[in-house]
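Breakdown of the fold
Residue-level listing of the chains:
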Amino acid sequence: MGIPIYLFIQDNLRLEHKIKYLEGSSKTSKKSIYGDKDSLFKVRIEVDRMRDNDKLYYKTTKLVIWYQNVIIFKKQNYQKIQGDNTNE
């Protein structure tokens, strides 16, 4: 029957999480790393943390996922659309 997929990913995952605090004049950041550097799956997330009128906002600025050191997903700021060029 094998092992459940979530256990496989959990045991083979490296997560790098960086939070930039953009509050006031202080521009500090905190980085957390979980997992082995030789893992099959690697995820890098960068987040901006902002406070505005007693509300706390988080904005994901970077998200990259690797499988066996090949990028399989990268967050983009816009959606790319390929049109059909058959206007001939």
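One structure accompanies this document, and this report is about it.

The rules behind each value
Residues numbered from 1 in each chain as written. Predicted model: local features only at pLDDT ≥ 70, side-chain atom pairs only at ≥ 80, totals over all residues. Heavy atoms only, no water. Phe/Tyr/Trp six-rings, centres within 6.5 Å; stacked < 30°, edge-to-face > 60°. Helix = DSSP H or I, 4+ residues; strand = E, 2+ residues; numbered from the N terminus. Salt bridge = Lys/Arg side-chain N within 4 Å of Asp/Glu carboxyl O. Buried < 20%, exposed > 50% of the residue type's maximum accessible area, 1.4 Å probe, protein only.

1. Quick notes on the packing of aromatic side chains
- Enumeration over the complete set of coordinates arrives at two aromatic pairs.
- Centroid distance F41 to Y67: 4.9 Å. Interplanar angle 45°. Geometry classified as tilted. With a gap of 26 residues between them, F41 in strand β3 (residues 41–52) and Y67 in strand β4 (residues 55–67) connect regions that are remote in the sequence.
- Put simply, the rings of F8, F41 and Y67 pair up and form one aromatic cluster.

2. Here we look at the pattern of salt bridges
- In this structure the tally under the stated criterion is two salt bridges.
- Here E16 ties to R14 by a salt bridge, and the two come within 3.2 Å at their closest N and O atoms.
- Of the residues examined, R14 reaches a relative accessible area of 15% and is grouped as buried.
- Residue E16 is joined to R44 by a salt bridge in which the shortest nitrogen-to-oxygen separation is 3.1 Å. Taken together, the residues E16 in strand β1 (residues 13–23) and R44 in strand β3 connect sequence positions 28 residues apart.
- For R44, a relative accessible area of 28% puts it in the partly exposed group.
- Connected through salt bridges with shared partners, the residues R14, E16 and R44 form a single ionic network.

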